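Geometric and topological summary
For reference, the chains in residue letters:
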Amino acid sequence: MAMVSIKDVAALAGVSPGTVSNVLNRPGKVAPATRERVEAAINELGFVRHGSASTLRAGHSRTIGLSVIDIGNPFFTEVAAGVEDVASDLGYAVILGNSAGSQDKEDRNLRVLAEHRVRGVLITPSGEDPARLERLREHGISVVLVDHPAHRPDQCAVAVDDVAGGRAAVAHLLARGATSVAYVTGPLTIRQCVERRQGAKVAMRSAGLDPEDLRVAEASTMTARAGEKAAADLIAAGLPEAVFCANDLLALGVLRALLRAGVRVPEDVALMGYDDIDFAAASTVSLSSMRQPTYQLGRIATELLLDECDNPETHAHQHIMFQPELIARESTQ
């Protein structure tokens with residue numbers, strides 16, 4: 001069977017081949033009614049674009065990369081949903097890379113994205129080495145940071161104020177009468193973990209407590225299983241009056257271990273998470289948490305990236321910082 005061409009699609013839709021090309025590559029520039037007519041012709045004829053040829057002509061593909069620290073965390077799943085929705089609307093596909101917190105794995109993923117000539121990359125970096133991202137920019141690949149502040153003024157970034165989040169979380173625990181607090185965190189090589197701890201210490205200092213009295217339990221991963229292990233260690237060493245966790249998965253693991261050990265939450269120990277994933281409200285004891293605008297992070301970061309890709313002459317770099325919202329539930333009430 002002969003391959004269907006752009007000219008065949010154009011003839012059926014009653015438009016020029018250039019209009020079909022615009023629908024494929026710049027759909028936002030085509031009137032909705034015309035775009036629908038062309039898309040109907042594409043579907044009827046079963047047209048499939050020659051991706052490698054169009055990439056060679058343009059020097060890049062209609063794809064973007066998304067690199068996250070842990071796709072198993074519902075926080076990043078929701079971010080990815082926001083990314084995919086915007087990319088799809090604008091005619092882009094998304095290649096997902098999961099670094100699992102490893103800079104070596106992240107470097108390999110970034111090399112693959114560059115080899116595929118992606119138009120741009122959205123990344124939550126696993127480390128603090130901006131030179132690695134500059135190599136992408138040197139190859140003409142735009143980069144926007146997600147859930148991370150910008151390294152430089154001529155770069156877009158969308159983030160959440162994690163210092164403020166950590167401060168609000170621990171201030172809430174202290175306001176209900178706690179005087180001893182433990183912080184269960186993932187690796188302190190992760191910026192978010194460090195800044196949430198910093199905010200926790202600010203809250204303790206503001207309450208007249210020694211911030212160095214904050215007990216820190218560092219886990220190798222930010223999972224529910226790691227939270228259970230951390231809770232077992234806290235129980236063995238003597239429980240504090242409150243526990244703040246760097247994400248909800250850790251907090252749910254802590255909650256499970258505490259309840260299994262006969263510890264009442266919040267009567268014996270108040271518990272606070274971070275991210276406000278869907279499971280937080282649905283847990284056995286509904287979990288208090290710091291809510292982040294996860295879907296919006298993905299949407300806005302993608303809009304900034306594709307604006308930089310498609311409108312480099314008029315694009316204005318932006319550094320957007322959201323504030324987290326405290327959601328109080330049974331685990332602290």
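Residues numbered from 1 in each chain as written. Predicted model: local features only at pLDDT ≥ 70, side-chain atom pairs only at ≥ 80, totals over all residues. Heavy atoms only, no water.

All right, on to the overall build of the protein chain then. Of regular secondary structure, the protein chain possesses 13 helices and 12 strands. Relative to its 333 residues, the protein chain shows a buried fraction of 49%. Relative to all contacts within the protein chain whose residues are 6 or more apart in sequence, the contacts with residues 24 or more apart total 70%. Carbon and sulfur atoms make up 51% of the accessible area of the protein chain, which amounts to about 15,200 Å² in all. Taken together, the 33 basic and 42 acidic charged side chains of the protein chain have centroids lying 4 Å from each other. (Helix = DSSP H or I, 4+ residues; strand = E, 2+ residues; numbered from the N terminus. Buried < 20%, exposed > 50% of the residue type's maximum accessible area, 1.4 Å probe, protein only. Contact = heavy atoms within 4.5 Å. Areas by Shrake-Rupley, 256 points an atom, 1.4 Å probe, with all protein chains shown as cover. Lys, Arg positive; Asp, Glu negative; His and termini not counted. Charge placed at Lys NZ, Arg CZ, Asp CG, Glu CD.)

This next bit is on the sheet that holds strand β2 (residues 93-98). Read across the open sheet, the 6 strands follow the order β2-β1-β3-β4-β5-β11; overall the sheet is parallel. The two strands at the open ends of the sheet, each matched to only one other strand, are β2 and β11 (319-322). Within this sheet the neighbouring strands show an average axis-to-axis angle of 15°, counted without direction. Relative to the sheet, helix α5 (residues 74-89) contacts β1 (63-68), β2, β3 (120-123) and β4 (142-146), its axis offset from that of β1 by approximately 170°. (Pairing = 2+ DSSP bridges. Axes fitted to C-alpha atoms, helices over the stretch in contact; angles between N-to-C directions.)

Relative to the helices and strands, arginine 62 resides in the loop between α4 (51-58) and β1. You can call arginine 62 buried: its relative accessible area is 15%. Residues arginine 62 and alanine 87, 25 residues apart in the sequence, show an inter-C-alpha distance of 9.5 Å. In this structure the side chain of arginine 62 is engaged in a polar contact, spanning 3.0 Å, whose partner is the backbone oxygen of leucine 90. (Polar contact = N/O pair within 3.5 Å; in protein donor to acceptor, adjacent residues only side chain to side chain.)

This part is about the environment of leucine 122. Residue position: leucine 122 is located in strand β3. In this structure, the C-alpha to C-alpha distance between leucine 122 and isoleucine 64, residues 58 residues apart in sequence, is 7.6 Å. Look past the residues within four positions of leucine 122 in its chain and what remains in contact with it is Ile64, Gly65, Leu66, Ser67, Val83, Val144, Val146, Ala301, Thr302 and Leu305.

This part takes up the pattern of salt bridges. Under the defined criterion, the tally for this structure stands at 17 salt bridges. With its nearest N and O atoms 2.4 Å apart, the salt bridge here joins arginine 152 to aspartate 154. With relative accessibility at 28%, the residue arginine 152 sits in the partly exposed group. Look at aspartate 154 and you get partly exposed, because its relative accessible area is 28%. One salt bridge in this structure joins arginine 191 and aspartate 162, with 3.4 Å as the shortest N-O distance. On the criterion of sequence distance, the pair formed by arginine 191 in helix α9 (residues 191-206) and aspartate 162 in helix α8 (residues 162-175) is long-range, its members being 29 residues apart. For the pair shown, arginine 191 and aspartate 162 are each scored as buried. (Salt bridge = Lys/Arg side-chain N within 4 Å of Asp/Glu carboxyl O.)

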